[in-house]
Every structure is written in structure tokens, then in C-alpha cells.
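Overview (structure and organization)
Spelled out from the first residue to the last, the chains are:
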Amino acid sequence: MTLATMNQTTFGVARRLSLAMLPFAMALFGAVDLSACSKPEEAKPAPEPSVAGDVVSFPDQKEPPGVRLAIVGGNAGQSLDVPGRLTWDEDHTTRVYAPYAGRIERLRVAVGQSVKRGQPLADMGSADIGQAQADLHKADADLALTRSAVERARDLSEGGVIARKELLQAEADHARAQAEAARARARLAQYGVAAKSVTQGLSLAAPLAGVVVERNGNPGGEVRTDVQGPPLFTISDPSSLWAVLDVDETQLAAFKPGDSIELHSAAWPDMEFKASVTSVAASVDPASRTVKVRARVPNAQFRLKAEMFVTATAIQSVALPVVPADAVFLLGDRSYVFVKAGPGRYRRCEVKVRGAGPQAWTVLQGVNTGESVVVGGGLYFNQLLDSAK
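Here we summarise the structure given alongside this text.

Criteria and thresholds
Residues numbered from 1 in each chain as written. Predicted model: local features only at pLDDT ≥ 70, side-chain atom pairs only at ≥ 80, totals over all residues. Heavy atoms only, no water. Pairing = 2+ DSSP bridges. Helix = DSSP H or I, 4+ residues; strand = E, 2+ residues; numbered from the N terminus. Phe/Tyr/Trp six-rings, centres within 6.5 Å; stacked < 30°, edge-to-face > 60°. Buried < 20%, exposed > 50% of the residue type's maximum accessible area, 1.4 Å probe, protein only. Lys NZ or Arg CZ within 6 Å of the ring centre and 35° of its normal. Contact = heavy atoms within 4.5 Å. Core = buried A, V, L, I, M, F, W, Y, C linked by side-chain atoms within 4.5 Å. Salt bridge = Lys/Arg side-chain N within 4 Å of Asp/Glu carboxyl O.

**Here's the deal with the sheet that holds strand β11 (residues 210–215)**
Sheet architecture is open: four strands sit in the order β6-β13-β11-β8, paired in antiparallel fashion. Of all the strands in the sheet, the pair left with one neighbour each is β6 (94–96) and β8 (114–115). Bridging between β8 and β11 involves two bridges; their strand directions are antiparallel. Bridged to S114 within β11 is V211.

**Side note on the packing of aromatic side chains**
For the structure shown, the criterion picks out seven aromatic pairs. Ring geometry for F58 versus Y346: centroids 6.2 Å apart, planes at 80 degrees, classification edge-to-face. With F58 in the loop between β2 (55–57) and β3 (68–71) and Y346 in strand β22 (residues 345–355), this residue pair connects regions lying 288 residues apart in the sequence. By the burial criterion, F58 is buried, and Y346 matches it. Look at Y380 and F381: their rings are 5.6 Å apart centre to centre, the planes differ by 45 degrees, and that puts the pair in the tilted class. Following the ring pairs from residue to residue traces out a cluster consisting of F58, F329, Y336, F338, Y346, Y380 and F381. Above the ring of W242, the side-chain terminus of R294 is found at 4.0 Å from the ring centroid. Looking at R348, its charged tip hangs above the ring of Y336, at a distance of 5.4 Å from the centre.

**Overview of the sheet that holds strand β7 (residues 102–107)**
Adjacent strands of a sheet pair through backbone hydrogen bonds, lying either parallel or antiparallel. In spatial order, the strands read β10-β9-β7-β12; together these four strands make up an open sheet with antiparallel pairing. With one partner strand each, in any of the chains shown, β10 (201–205) and β12 (222–223) form the two edges of the open sheet. Inspection of the sheet shows strand β9 (residues 120–125) paired to β10 by five bridges, in the antiparallel sense. The residue bridging M124 from the neighbouring strand is L202, located in β10.

**Re the environment of A70**
On the secondary structure map, A70 appears in strand β3. Look at A70 and you get buried, because its relative accessible area is 16%. A C-alpha to C-alpha distance of 5.4 Å links A70 and V373, two positions 303 residues apart in sequence. Apart from the residues lying within four places of it in its own chain, the contact partners of A70 are P324, E371, S372, V373 and V375.

**Considering unusual backbone geometry**
Positioned with a positive phi, R289 is a non-glycine residue whose angle comes to about 55 degrees. Examined against the element boundaries, R289 turns out to sit in the loop between β16 (268–280) and β17 (290–298). Not every positive phi belongs to a glycine, and F302 is a case in point at roughly 60 degrees. Locating F302 in the fold gives a position in the loop between β17 and β18 (309–315). F302 sits in the partly exposed class, given a relative accessible area of 41%.

**Thoughts on the nonpolar core**
Membership of the largest hydrophobic core comes to 24 residues, with the highest contact counts inside it found for V115, L121, L202, L232, F233 and I235. Counting residues per element, the ones that place at least two in this core are β7, β9, α2 (127–158), α3 (164–190), β10 and β13 (233–236). Among residues more than four places away in sequence, those in contact with L121 are V96, L107, R108, V109, V115, L204, A205, A206, F233 and I235. If you look at the next biggest cluster of nonpolar residues, it comprises 22 residues, including L263, V297, M308 and V310.

**Notes on the pattern of salt bridges**
If charged atoms from side chains of opposite charge come close, those side chains can pair. Applying the stated criterion across every chain, the model contains 15 salt bridges. A salt bridge links E180 to R183, with the shortest nitrogen-to-oxygen separation between them at 2.5 Å. Of this pair, E180 and R183 both sit in helix α3, three residues apart, which is roughly one turn of that helix. On the basis of relative accessible area, R183 is assigned to the partly exposed category, the value being 41%. Among the salt bridges present, the one from E350 reaches R334, with a minimum N-O distance of 3.8 Å. Remark: R334 occurs in strand β21 (residues 334–342) and E350 occurs in strand β22; sequence separation between them is 16 residues.

Purely geometric numbers; function is a separate question.
Set out below in C-alpha cells:
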């Protein structure tokens, strides 16, 4: 085969291949041209949520994706813990002060000792006591003198020697002397001081039966009445104590006179002590914003001591709304939640809350039990409100 023949043959094969591939090439380039010339349809933008006041509304009443709701519950029947301390039962407690200035000569009782009513507590000497005794003796002498004067004036008046006016004057002087003698005698008798002789001695007596729980005097110690110091003795009945509780003003519904509560003390961690509420203060402490609630605690075994710190547990009788902690968010110094107002609609509400545990808040004002609140998405909804404004 010559070179010319081979070239002619090759050209013929290439021509036949080109004619065979022509339809496929035209289809390919035609598709490319069509795809290049056709324009894709533009995606419609999603409708934005609308804002009216404090309400966020989503289109077509659809719930936004990822939003979690929680139903507002109540706390009726839940326990409520408040701090407090124990004090002496003031209905069975007395504090003994010295009625006169002087010096303590002898102490007759010790702390923890039981005493009876009228039992001597201490002996003391005082010049003031001697003065009071002397005043009684002078009053008795004046009384005797005026008595004689009245008898003499009566005899002279009946004989016409003196005018009746002088008799009346003598009787008035006698009445004043009687009153002064009675006052001086009662002053000494009130403290059990002997009135017959000027001894300048006084025996302090227990005004009621109980236990000496405090003593602030020592033998030889000076006692002053012009400076108010601690009492010489405190007598009480430790079998009954008072618990003074500091209750937040929002928790008063759980504490009413007559209600039973339980006390817990760090000294007895495994024991519960029953107590009964006796009174609720009529005012709020302006510094702590708490109300003093008093309860009586039986203490027959003397396990509890005055001035111990305790925790009182009461049962919440009035139901208050409770929301999850994630539902509440802060704006400045105020708390807010988003409440579901309808399908796809959420309203921002200001609330007043206090702690109800590590994962919840008790709502004092703003929402009601049974409503649905947004959990974890409040800040997103709040950004929608801020962007609209």
C-alpha cells in the first residue's frame, strides 16, 4: 500500500467517525447552552415574626423550631425552711435587779440551781436600805405624834377651848402621817427588808420558781442603780423555750398562730423538735425586710439551749406559681418571662420571684398557675422585641 493510499484511507475513517459523533455533540452542546441560558427560580424569603408591644407573633401561627415550653406549677404542700434562734420563754422568765445601790455580801445560789418562789438569792448591804428603814421609823414617830394631837384637839374642841378649824387641821395632819407611814412600810416590805431595826441589809428573793440560768454578780461586787447593767440573776423554766424566726414577708402565709412547725438544730442533726406558732409580729423589720414569728418549743429533756440557731420547717398551705429557673431572665434589675398567649404568640411579662430551690423560682406576681412559659429561649424573643423597637 502506497502512502497516498494510506492517507486516503485514514481520512475516510475520520470523516465517517465525525459524521457518526455529530448528533451526540449537538445534543451535548445544546444541553449546555440551554442550561446556561435558563435561570433558576429564586427562593421566597421566610416571613419574619411580627412584634406588637410586648407580644411576638410567628407567621401562620406556627411554633418556632427549638422552643421549649413548661407549664407553671404550684407549690402547695411543699416545705418551707426559715432561720431562727432560741430564747427563754418570757412567760416563765424573770430578771432580778438590785432595788438599792450597795455591795453584794453573799451569794446563795449558783447557775443551774432550782429555786422556789421567795427563796433568797443573795445578801447585800446598802446605806440606802438603812435610809429607807430610818424613813419608816420617822414616819411611825410622826404618826404617833399626830394621833396624840388629834385626841387632844378633840377634847379641847368639845370643851369649846379651840375652834373646830384647829381640830380639822389636826385630823388632816394625822391622815398625812398615816399615808407616809404606810408608804415607807410598803417600800421595805416589797423587798423583804426588816422594818423593826436599821440593819442596812437586804436579802434578794426569787420572784418565781424556776432555774437560775444566769448570774452576773460576785461577792463583794458593787451594785449601782443609776446605771442600767445586766440583771444580777435570770430565773427561767428551761423546759419551755421560744423560737424567734425571721420570716420573709412573702412567706407569712405558711405561719399562722396555732400552726405546728418542726425545728432542726445542728447540735441534734437527726432529731426533729415540734413547736407551735404563738404570734406573728405586726410590723416588718425595715433593715432585713423580715417579720418576727414566735413559736413555743417544749424542751422536757433540756436538749435545746437558749441562743441556739435553728431552722424551722413549715408546710406551704397557699399555692404560689413555680417556674423553671431557665424561664426567668433579667433586664437591668427586673425579672421577666415569656408566656404563651396563643398559637405562635408569646407575651413578655414582668415577674417578682424568690428562690424555690436550685432549679426553680417561686413567682409572687406576674404569671398564674397553668400558664405556659418559654424555657431557655427568652433572650432570643427579647432580641426580636428590641430589634423591632
